[in-house]
Structure formats: structure tokens, C-alpha cells
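For reference, the chains in residue letters:
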Amino acid sequence: MAKVLVSDSIDPVGVEILSQVAQVDVKTGLSAEEIIQIIPEYDALMLRSSTRVTKEIVEAGSKLQIIGRAGVGVDNIDVPAATRQGIIVVNSPEGNTIAAAEHALAMMLSLSRHIPDANQSVKANKWERNRFIGTEVYKKNLGVVGLGKIGSHVATVARSLGMKILAYDPFISKERADQLGCTLVDLELLFAESDFITLHVPKTPETQHLIGRETIAKMKPTVRIINCSRGGIIDELALIEALESGRIAGAALDVFEQEPLGESRLRELSNVILTPHLGASTTEAQVGVAIDVAEQIRDVLLGLPARSAVNIPGLTPDVMEKLRPYLQLAETMGNLVSQLAGGRCDSLNVRLQGELATKDSQPLVVAAIKGLLSQALRERVNYVNAAIEAKERGIRVIETRDASTRDYSGSIHLEANGSMGTHSVTGALLSNGEIRITDLDEFPINVPPSNHMLFTLHQDMPGIIGKIGALLGSFNVNIASMQVGRKIIRGDAVMALSLDDPLPEGLLSEITKVPGIRDAYTVKL
Ligand SMILES: NC(=O)C1=CN([C@@H]2O[C@H](COP(=O)(O)OP(=O)(O)OC[C@H]3O[C@@H](n4cnc5c(N)ncnc54)[C@H](O)[C@@H]3O)[C@@H](O)[C@H]2O)C=CC1
Ligand SMILES: O=C(O)C(=O)COP(=O)(O)O
């Protein structure tokens, strides 16, 4: 039975789902060293933001198939390391959107009305009505940095509070912003005009210290900044200085450069509200993300695709349904052409034809690469790491798409260049889903791939097929099917044989000695 390690606290419904297919161990609060010690026995790892999945953990996870992040941000996971290891990383892109957006809005209103301090004051038996004069948000400018899922919901609710929304997101269209009732602006304007600024971007090299000394200098002195996205997007030291000097009016932070927050002057500031990374901490969100991610882990352990993988292309179920039979075809052909070309290839041309000539069919290219590398890497290559492995091995992959068709509604053409020259194959599916190789080195054939195959390039002349048949027979090799393809009578021809048995040692060189045989190749699929 598969084993899943759950290293952060998740809703029990997640454990229930995982238990359908695996032994589930919930062990929270482990150190990196402790995880490295136990991870080799696990097939899957499920976590939230407290566990840091380092390169060392990924590399120690020799059995890991999938890492599931019960939330949005995967910045605590070394995704490139996981990709290289062929480990799928999944998250729950929408499970906690509302929770995080509502937390940001709660922070904004708490800041503007001093709710936390006022609450403490009353609990301390005081009645300080003059100390807590607030500001209204009505008719104020809210700068939303990152108009994705959370930023959009914040903007929508804030508009209903009567706020004007200035949004900055270089990847969002004006139409989308208009739809949300937001004005798309550049960062300069957002900083200069906003009364409140709320951050909803992922942590990337571009967003690191997006708010720092220089940018704070451009803001109004009355501005209040809310960060419920990621620590590090604000330069904490610069923020502390601005708050201490009164350069800005206030800040509300849910996320920090170091979590848990250690020694920090932030704790001493009266114009700051701090929460311990609570954005996703609602009952609803925790049930949502636990179900979303546990189901994906369960599916992957059952050999099914994941719906929200961050390191392999996401496919809608109907596209997947259409591509599924072709994935096997592309992979088999990649394996075949790599053996014909001599294993070590330096380029692979993939031409997707007919109904496959769409951008949705990108996974077929990955499948062809996977097949191409399978001789060298065996089970170490998969859909996650195939493209990266090819790049690292210096294999140039060229994709083309050609919507025209001849005999089949969709077909795949691969051409590989390796130590044995350039070879090509074309393949298609019959209406019953069976795979056919329809073309070899531009010679028309029609053979189903089989475990053991023999291909020859020979002169089209009487008797040659009989000689090969007799030779195979004398070595007790049974022929399952045989096809000859030629372009002109008595010119060059190819022979493709599916064999029931592997070719015994020495037989290939005997075959190449038959008069008229120019070349012969064996292939094991
Ligand atoms: N505090 C908490 O507990 C939670 C925090 N989060 C964090 O909130 C953030 C936003 O999450 P979602 O809205 O779900 O993500 P999303 O992917 O839907 O939205 C992010 C938006 O940021 C934009 N963006 C990317 N780079 C940018 C840049 N350099 N400048 C401006 N915009 C940029 C993208 O175009 C996208 O529209 C993430 O960092 C996530 O990790 C999410 C859930 C809970
Ligand atoms: O989903 C996210 O990105 C979050 O930051 C939520 O973090 P958490 O799962 O509450 O540790």
C-alpha cells in the first residue's frame, strides 16, 4: 500500500480521502533533518506553508510521486528540484481565495477603525473614545497590486464599500479590469494616489521587496498598507522605519519575511496590526483545500492525472479525453525513433498533423520526448521532467503543426537525428484506438508496434522477403506480422516485422549479409 506523509495540520477530511488508497501518517512540526530521514519510505507528501520542502528533502524522497500543497503558494517548495526528480507538484488554486480576500478586507477595516487596539483598551477596563478616531474607506482609493483571484474578490467587495479601485497587474487585460470596475494603472500612479494598498501577488524575483524605501517614498503619508500575500514582498526593515517615523499611517501584515515572526520591532508599533498567517484559516477554506489536494494525491497514486499540477501542463477533462489514446502513440513512436536513430539523439522534430495540430496537443510533444528518453532514463523520465531532461542533454526539440491530413484524422510524425543518422516515423490510430506505424523513413507501411521489431532497408527484388523469413525461422524466431513498403518498383524498400521473440545474438549481422539488404535495425518497445 502507498504511504502518504502529511507534515502540516490539514482538515481531517483530507486524511479520510487519502486513506482510501494509502497509509496516511500525520506528523507535524518535524525538522528538515527528521523529514529527510523518513521521506524515502513515502510515495506522497501533503503540506501547507509551515513545511519547507527543500532540494535535500526532494532528493531524499526517492519514492515520491507527488507533493500536494493544501493552499495556493508553492514558494515553500523547491519546485524546480521536484520537476527534475519527476515529482508532480499540485496545489489548490481556488480553495482559499475567499478566505484570504476576506482577511485582507478585515485587516483594512481593522486598520481604519483601530479595532484591535480599541478592543484591548476596553478589555483593560478603559473607555478611550477620543483615542480611536478612525478614517472611512468610503470614496477612498484602494490600490490593488495583483488582480488575480484574491485581488479580484477584494476589489469587488471594496467597490461595494464605495472605494475606487486602482489596480496594477501587468498580466491582466483592460477588459478584465473594466469588468471588475477597476482602473488599471502603473505602479507609480498606484503608489502616488492610493489611500490603502493591498498586495495580492505571488512571491517571485520581480515582486521581492516591491515595497521598499524607494517605493514608500512615493506614497501618501496617510497610506495604509495591507499584506496578506507573502512575506518578502515588503522590505520589512524599510516598512518599520516608515512606520516609526510616521512616513506612512499604518500597516496590517499577515505574512512575514521569517515565519513564525521572530524578534521584531513590528511588535512594538501601535500603527501595525499583525496576524500569524491566518489568510487561509477558515473552516470553509481548510475543508476546500484539503479535499482539493487530497483528491489529486489519491488520483495520482491511482495512476490518474492531477487537475492542478503546477509543473506539468494542466488539461481540461475533455482535452485529456481526446489526447489520452494519442499519448501512448507519441511515446511509443519516440521510443521507436530513438532506437532507429541510435539512442543518443541531438534533435527531435515533432510534427502534429490533422486534428492534433492545436496548441492543446502540447502534451503529445512531451510524450514523444518521454519516449525518446526512455531507453536512456527508463522509469526516471516522466511527463514532469521529460522536457527539462531533453534540454539538459542538449536535445533540440522542434515542434510544427500541420492541420492538413491524408488518411487519418490525426497523426504524429517524428524525426530524430542520432549516431545512426536521421530517421523518421509517422503513426496514427485506427478507429478502434489501435496504434499503427504508417510510415518509416518516408516509406509507407502499416504495422502495429510490438515488443520486438525488425526493420530493414533493402532493394525491392524477388526472393528477399523469403530469405529473411527463412533466416528468422532457422533461429526459431516467430513472425507475428510483416509489411513491406516501397516508393517505386524495384527501387529501395523497407520491411517492418513484428516478432514474437527477441532477435538472438548474431542474427542481425546475418541479416545484413543477405544480398540486397542495405541496413537492418532491431527495436525493443
Ligand atoms: N495569507 C494567506 O494565508 C494566503 C496567501 N495567499 C497568497 O496570495 C497571493 C495571491 O494569490 P491568488 O490571488 O490566489 O493568486 P493568482 O495567481 O490568482 O493572482 C496573482 C496575480 O498576481 C499577478 N502578478 C504576478 N506577478 C506580478 C507582478 N510582478 N506585478 C503585479 N502583478 C503580478 C498575476 O498576474 C496574477 O493576476 C499569492 O502569493 C498566495 O500565495 C493565498 C492564499 C492564502
Ligand atoms: O495558500 C496560501 O498561499 C497560503 O498562504 C495559506 O497558507 P496555509 O495553508 O494557511 O499555511
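Calculation rules
- Residues numbered from 1 in each chain as written.
- Chains lettered and ligands numbered in written order.
- Predicted model: local features only at pLDDT ≥ 70, side-chain atom pairs only at ≥ 80, totals over all residues.
- Heavy atoms only, no water.
- Core = buried A, V, L, I, M, F, W, Y, C linked by side-chain atoms within 4.5 Å.
- Buried < 20%, exposed > 50% of the residue type's maximum accessible area, 1.4 Å probe, protein only.
- Helix = DSSP H or I, 4+ residues; strand = E, 2+ residues; numbered from the N terminus.
- Domains from an automatic or database assignment.
- Contact = heavy atoms within 4.5 Å.
- Near = heavy atom within 4 Å.
- Polar contact = N/O pair within 3.5 Å; in protein donor to acceptor, adjacent residues only side chain to side chain.
- Areas by Shrake-Rupley, 256 points an atom, 1.4 Å probe, with all protein chains shown as cover.
- Nonpolar A, V, L, I, M, F, W, Y, C, P; charged D, E, K, R; others polar.
- Expected span 1.5 Å × (residues − 1).
- Buried area = accessible area lost by both parts, 1.4 Å probe.
- Salt bridge = Lys/Arg side-chain N within 4 Å of Asp/Glu carboxyl O.
- Axes fitted to C-alpha atoms, helices over the stretch in contact; angles between N-to-C directions.
- Parallel < 35°, antiparallel > 145°, perpendicular 65-115°, else oblique.
- Left-handed = near helix turned anticlockwise from the far one by under 90°.
- UniProt positions renumbered as here; feature names shortened; annotations may be inferred.
- Phe/Tyr/Trp six-rings, centres within 6.5 Å; stacked < 30°, edge-to-face > 60°.
- Lys NZ or Arg CZ within 6 Å of the ring centre and 35° of its normal.
- Pairing = 2+ DSSP bridges.
- Patch = residues over 30% accessible without salt bridge, like charges linked within 9 Å, V, L, I, M, F, W, Y side chains within 5 Å.

Brief notes about the nonpolar core
Membership of the largest hydrophobic core comes to 47 residues, with the highest contact counts inside it found for Leu340, Leu348, Leu364, Ile412, Leu414, Val425 and Phe455. A total of 12 residues in this core trace back to one element, the largest contributor, which is helix H13 (residues 317-341). Structurally, this core is a two-domain feature, drawing no fewer than three residues from each of domain 3 (313-440) and domain 4 (449-524). Residues within four places of valine 425 in sequence aside, it is in contact with Met333, Leu336, Val337, Leu340, Ile412, His413, Leu414, Ile437, Asp439 and Leu440. Listed in part, the 30 residues of the second largest apolar core include Val145, Leu190, Ile216 and Ile225.

A few points about the side chain of threonine 426
Structurally, threonine 426 can be placed in strand S16 (residues 421-429). Leave out the neighbours within four places in its chain, and threonine 426 touches Met333, Gln353, Ser411, Ile412, His413, Arg436, Ile437, Thr438 and Asp439.

Overview of the site of ligand 2
Near ligand 2 the following residues occur: Arg48, Ser49, Arg69, Ala70, Gly71, Val72, Gly73, Asn96, Arg230, His277 and Ala280. In the environment of ligand 2, an oxygen atom lies 2.8 Å from a nitrogen or oxygen atom belonging to the side chain of arginine 69. Taking asparagine 96, its side chain carries an N or O atom lying 2.9 Å from an oxygen atom of ligand 2. Here ligand 2, which alone exposes 310 Å², has 91% of that area covered by the protein. For the shell around ligand 2, the residue count by class is 3 nonpolar, 5 polar and 3 charged.

So, helix H12 (residues 283-301)
Taking 1.5 Å of rise per residue, 19 residues should cover 27 Å, and H12 covers 27 Å from first to last C-alpha, within 8% of that figure. Just downstream of H12 lies glycine 303, where phi reads positive at about 85°.

A word on the domain arrangement of the protein
Under the domain assignment used here, the protein contains domain 1 (1-93 + 282-300), domain 2 (95-272), domain 3 (313-440) and domain 4 (449-524). The interface of domain 1 with domain 3 comprises 6 residues on the first partner and 6 residues on the second. When the two sides are added together, the surface that domain 1 and domain 3 hide from each other amounts to roughly 480 Å², 55% of it contributed by carbon and sulfur. Summed over the three residues of domain 1 that lose the most area to domain 3, namely Thr83, Arg84 and Gly86, the buried surface amounts to 85% of that side. Scanning the region where domain 1 abuts domain 3 turns up 1 salt bridge. The partner of glutamate 392 in a salt bridge is arginine 84, and the shortest N-O contact between them spans 3.2 Å. For the pair domain 1 and domain 3, the number of links is 3 residue pairs in polar contact (both at pLDDT 80 or more).

Things to note about the packing of helix H5 (residues 97-113) against helix H7 (residues 149-160)
For the pair H5 and H7, interaxial distance at closest approach is 9 Å and the crossing angle is 50°. Between H5 and H7, the angle is such that the two are oblique. Of the two elements, H5 crosses H7, and the hand of that crossing is right-handed. On H7, the residues touching Thr97, Ile98, Ala100, Ala101, Ala104 and Leu105 of H5 are Lys149, Ile150, His153, Val154, Val157 and Ala158. Here the residues of the contact of H5 with H7 sort into 9 nonpolar, 2 polar and 1 charged.

Side note on the UniProt feature "domain: ACT" (unreviewed entry) in the protein
Mapped onto this structure's residue numbering, the UniProt feature "domain: ACT" (unreviewed entry) falls at residues 453-525. With 25% helix and 42% strand, the stretch residues 453-525 has end C-alpha atoms that lie 8 Å from each other.

Details of the site of ligand 1
Close contacts around ligand 1 come from 25 residues, with Lys149, Ile150, Asp169, Val201 and Asp254 the closest. Contacts to ligand 1 include aspartate 169, whose side-chain N or O atom sits 2.6 Å from an oxygen atom. Its residues assigned to classes, the shell around ligand 1 comprises 12 nonpolar, 9 polar and 4 charged.

As for the environment of valine 201
Of note, valine 201 is situated in the loop between strand S9 (196-199) and helix H10 (213-216). Taking the C-alpha atoms as reference points, valine 201 and glycine 146, 55 residues apart in sequence, are found 4.8 Å from one another. If sequence neighbours within four positions are ignored, valine 201 has contacts with Val145, Gly146, Thr207, Ser229 and Ile233.

Describing the environment of proline 449
Note on placement: proline 449 falls in the loop between strand S18 (443-447) and strand S19 (452-459). Distance from proline 449 to lysine 524, taken between C-alpha atoms, is 9.6 Å for residues 75 residues apart in sequence. The residues contacting proline 449, other than those within four sequence positions of it, are Thr332, Ile435, Ile437 and Leu525.

What about the packing of aromatic side chains?
In this structure the tally under the stated criterion is 0 aromatic pairs. Against the face of tyrosine 42 rests lysine 3, its NZ or CZ located 5.0 Å from the ring centre.

A closer look at the pairing of strand S13 (residues 345-354)
In terms of burial, S13 is largely enclosed, as 7 of its 10 residues are buried. Two elements, S13 and strand S14 (residues 396-402), share 7 bridges in a ladder whose sense is parallel. For arginine 351, the partnering residue across the bridge sits in S14 and is threonine 400.

A look at a nonpolar patch on the surface
Residues Ile465, Ile479, Met482 and Val484 make up a contiguous nonpolar surface patch of roughly 260 Å² in combined accessible area. Top element by residues in the nonpolar patch is strand S20 (residues 479-486). It accounts for 3 residues. When you line up the elements, isoleucine 465 lands in helix H16 (residues 464-474). By relative accessible area, isoleucine 465 is classed as partly exposed at 36%.

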